[in-house]
Amino acid sequence: VIGDWSSDVCSSDLRGVASTGTMAPEEVPKYPDPVKICCLGAGYVGGPTMSVISKMCPDIKVTVCDLNERRIAAWNSANLPIYEPGLQEVVEEARGRNLFFSTDIDAAIRECTIIFVSVNTPTKKTGIGAGEAADLTYWELAARRIAHVCNTTGDGSPKIIVEKSTVPVKTADAMASVMAASCTTTNFQVLSNPEFLAEGTAMDDLFKPDRVLVGGAETPAGHAAVQCLANVYRRWVPTAQVLTTNLWSAELSKLTANAFLAQRISSINSISALCEVTGANVNEVAHAIGVDTRIGSKFLKASVGFGGSCFQKDILNLVYLCRSFGLPEVAEYWNQVIVMNDWQKTRFAQNMVSSMFNTVSGKKIAILGFAFKKDTGDTRETPAIDVCNKLLEENAVLSVFDPKVTREQMYLDLGKEKMDKMQIEDDPYLCCAGAHAIAVMTEWDVFKKLDLQKIYDAMQKPAFIFDGRDVIDHETARKIGFEVWAVGKSSFNAGAK
Ligand code: NAD
Ligand code: UGA
């Protein structure tokens, strides 16, 4: 029931998430100190996480591997494959010293004691659970490769396999079953060590995490493996913040954390709609409720909707798990977070069309920002894709500016046919020139400093601003002559409503 492959290998034995190979079940292996670490998957998580480990532990050799040769070549170049503030400096300091990027996955598996698995776990597109369940294909391939290498060319030294990817609860059991079935020579433990970094602030999140979570089997050998990994983090994370739990708690905590964070955004976005029709201001409401320490102020920023590769995927995964375990009410509860987010994106685009006299056909609309949040070039599940698609369906002519998203990425996201109807600009003023409306899709700091008068002068009139991120100075814009609509605020002359 968990993924598309785990149910047939799942043994559900909490004590047994380890294979002992040639060792007796209770024997606790002695791990080398310092350990060598590798990571399968050199993406948004694998790259930054391993870079920080290598910086904070200069005596530990860290190798980051990927099947994708281009990605590894980029990690070894001056143009890293992902943009993350502060990442470049850390990579440049450690690369070649104790941080290595390689496509030689087998050599890294052989050499290292701790093997992180940080591969992609997207939502399944076809088959049982399509549209909800996690696709664990990449994950299982990684597991099988570790097992094969250890079994055929390994030296029998003990291994700790660490789930870094976000996976359904009980995946560690499936991993252990795959390993046990195809590897008889190696003593291994499977740990869950979910990652909580957010893109755009990944380096800070990794250097100063609120917590690090390590889950393992509740056996002496499991505890030893947990301590081995926890000791790596304890080099720079205060011990009180390195939490240790059983495996299933660690796996479920990750899905739950993302569901709670996304739920707060959907909650405030639902209230933003009510603010718009009542004259309340969503920022004032968010502040007023957020100062209550029981509620807290974070993740209460109303927006065009949340994006990113994980919130939607992980909630859908949670929904699928709940259904699979016979909890339809719980599934429906969490599914509503996604329903509300979809509605927020749709109503943003619909509001644009209705505000512009019910037609945007042939009108130029400037899209400011394409990334799913500022300080990243990542566009996975960005609300900008949904809004652009809806406006293109209405035959609008789009012009897009984003400081970090490449033309190639937009091409991949939207496809050739749509790209032919779009202009990609390197300059926000050019992007807005001649437009009927501006839609702000990402909260890039650069948008706060735009010369609104200059933009207004070069636009068609009436000139509209639809602010999906609350970054424009609405009062100044209105004084200049813009018609301003902002999420969660009384729009146009709606203050009179
Ligand atoms: P990503 O797509 O950026 O990177 C995954 C990488 O794994 C790819 O480069 C892919 O080529 C590689 N890969 C796939 N199969 C492989 C294999 N068998 N061996 C070696 N490499 C392989 O994904 P990501 O954003 O880094 O996310 C990875 C996991 O971490 C996901 O489960 C995600 O849910 C979770 N996560 C992501 C974030 C985030 O901010 N992006 C934060 C926390 C957790
Ligand atoms: C999120 C979580 O914050 C991380 O803890 C988690 O590790 C990660 O998902 C993951 O598992 O991938 P991320 O998606 O990178 O991180 O970025 P967030 O800062 O959470 O933003 C997600 C989306 O919500 C963005 O589109 C952002 O603009 C939006 N958002 C965020 C709001 O609309 N309002 C807010 O108050 C906060």
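Above: the structure in question.
All values reported here derive from a predicted model rather than from experimental measurement.

A. View of unusual backbone geometry. Each neighbour pair has its own omega, and for Asp33 with Pro34 the value is 0°, a cis peptide bond. The amide bond that connects Lys461 to the next residue, Pro462, takes the cis arrangement and shows omega of -5°. In this fold, Pro462 is placed in the loop between α17 (452-457) and β14 (464-467). If you check the backbone angles, Phe299 has positive phi at about 60° while not being a glycine. When you line up the elements, Phe299 lands in the loop between α10 (282-290) and α11 (311-324).

B. Region of interest: the site of ligand 2. Taken together, 20 residues are adjacent to ligand 2, and Phe196, Leu197, Ser303, Cys310 and Arg469 come closest. Between ligand 2 and Lys373 there is a distance of 2.8 Å, counted from an oxygen atom to a side-chain nitrogen or oxygen. Summarising the interface, the protein chains cover 89% of the accessible area of ligand 2, which totals 700 Å² for the free molecule. Broken down by element, the residue count for the shell around ligand 2 peaks at four residues, all from helix α9 (residues 247-278). In the shell around ligand 2, the residues fall into 11 nonpolar, three polar and six charged.

C. Region of interest: the site of ligand 1. If you check the shell around ligand 1, you find 26 residues, and the closest are Asp66, Arg71, Thr121, Glu199 and Lys313. At 3.5 Å from a nitrogen atom of ligand 1 is found a main-chain nitrogen or oxygen belonging to Gly41. Between ligand 1 and the protein, one listed contact pairs an oxygen atom with a side-chain N or O atom of Asp66 at 2.6 Å. Surface burial for ligand 1 is 92%, taken as the share of its 830 Å² of free accessible area covered by protein chains. For the shell around ligand 1, the per-class residue count stands at 10 nonpolar, nine polar and seven charged.

D. Main features of the pattern of salt bridges. This model, assessed by the stated rule, comprises 24 salt bridges. Put simply, Lys36 and Glu111 hold a salt bridge, and the shortest N to O gap is 3.3 Å. With Lys36 in the loop between β1 (18-19) and β2 (37-40) and Glu111 in helix α4 (residues 105-111), this pair connects stretches of sequence that are 75 residues apart. Classification of Glu111 by relative accessible area gives partly exposed; the value is 32%. With a closest N to O distance of 3.6 Å, Lys479 and Glu475 form a salt bridge. Of this pair, Lys479 and Glu475 both sit in helix α18 (residues 474-480), four residues apart, which is roughly one turn of that helix.

E. Region of the structure containing the sheet that holds strand β10 (residues 364-368). Strand order in this open sheet of six strands is β12-β11-β10-β13-β14-β15, and the pairing throughout is parallel. The sheet terminates laterally at β12 (422-424) and β15 (483-486), the two strands that pair on one side only. Neighbouring strand axes in the sheet, compared pairwise and without regard to direction, differ in orientation by 20° on average. Judged from the three bridges that link them, strand β11 (residues 397-401) and β12 form a sheet pairing that is parallel. Among the inter-strand pairings, Ser399 is bridged to a residue of β12, identified as Gln423.

F. A look at the side chain of Thr49. Structurally, Thr49 is set in helix α1 (residues 46-56). Thr49 gets classed as buried once you look at its relative accessible area, which sits at 3%. When neighbours within four sequence positions are excluded, Thr49 is seen to be in contact with Lys164, Glu195, Leu197 and Leu206.

G. Quick peek at the packing of aromatic side chains. As enumerated under the stated definition, the model contains 11 aromatic pairs in all. A centroid spacing of 5.1 Å and a plane angle of 85° characterise the contact between Tyr333 and Trp334, whose relative ring orientation is edge-to-face. Centre to centre, the rings of Phe401 and Phe447 are 6.1 Å apart; their planes meet at 65°, and the pair counts as edge-to-face. On the criterion of sequence distance, the pair formed by Phe401 in strand β11 and Phe447 in the loop between β13 (437-440) and α17 is long-range, its members being 46 residues apart. Grouping aromatic residues by their ring pairs yields a cluster made of Phe260, Tyr333 and Trp334. When the ring centre of Tyr83 is taken as reference, the NZ or CZ atom of Lys404 above it lies at 4.3 Å.

H. Representation of helix α5 (residues 137-153) in the model. The terminal C-alpha atoms of α5, which comprises 17 residues, lie 24 Å apart, in line with the 24 Å expected from a rise of 1.5 Å per residue. Residues of α5 that are buried include every one of Trp139, Glu140, Ala142, Ala143, Ile146, Ala147, Val149 and Cys150, and no others. Buried-residue contacts for α5 involve β2, α4, β5 (114-117), β6 (159-163) and α6 (171-182).

I. Summary view of the layout of surface pockets. Counted as a void, the second largest pocket has a volume near 220 Å³. Pro32, Asp33, Val35, Cys228 and Asn231 are the residues nearest the centre of the second largest pocket, which is lined by 13 residues in total. The class makeup of the residues in the lining of the second largest pocket is eight nonpolar, two polar and three charged.

J. Quick peek at the environment of Gly43. Within the fold, Gly43 resides in the loop between β2 and α1. Counting along the chain gives 142 residues from Gly43 to Thr185, while the straight-line C-alpha distance between them is 30 Å. The contact partners of Gly43, leaving out residues within four places of it in the chain, are Pro48, Asp66, Arg71, Trp75 and Ile82.

So, how was this worked out
- Residues numbered from 1 in each chain as written.
- Chains lettered and ligands numbered in written order.
- Predicted model: local features only at pLDDT ≥ 70, side-chain atom pairs only at ≥ 80, totals over all residues.
- Heavy atoms only, no water.
- Helix = DSSP H or I, 4+ residues; strand = E, 2+ residues; numbered from the N terminus.
- Near = heavy atom within 4 Å.
- Polar contact = N/O pair within 3.5 Å; in protein donor to acceptor, adjacent residues only side chain to side chain.
- Areas by Shrake-Rupley, 256 points an atom, 1.4 Å probe, with all protein chains shown as cover.
- Nonpolar A, V, L, I, M, F, W, Y, C, P; charged D, E, K, R; others polar.
- Salt bridge = Lys/Arg side-chain N within 4 Å of Asp/Glu carboxyl O.
- Buried < 20%, exposed > 50% of the residue type's maximum accessible area, 1.4 Å probe, protein only.
- Pairing = 2+ DSSP bridges.
- Axes fitted to C-alpha atoms, helices over the stretch in contact; angles between N-to-C directions.
- Contact = heavy atoms within 4.5 Å.
- Phe/Tyr/Trp six-rings, centres within 6.5 Å; stacked < 30°, edge-to-face > 60°.
- Lys NZ or Arg CZ within 6 Å of the ring centre and 35° of its normal.
- Expected span 1.5 Å × (residues − 1).
- 1 Å grid on protein atoms, 1.4 Å probe; cavity = no way out; pocket = protein on both sides within 12 Å on 5 of 7 lines; lining within 4 Å.
- Points joined across faces, edges and corners; volume = space filled by probe spheres on them.

Purely geometric stuff here, so don't read any function into it on its own.
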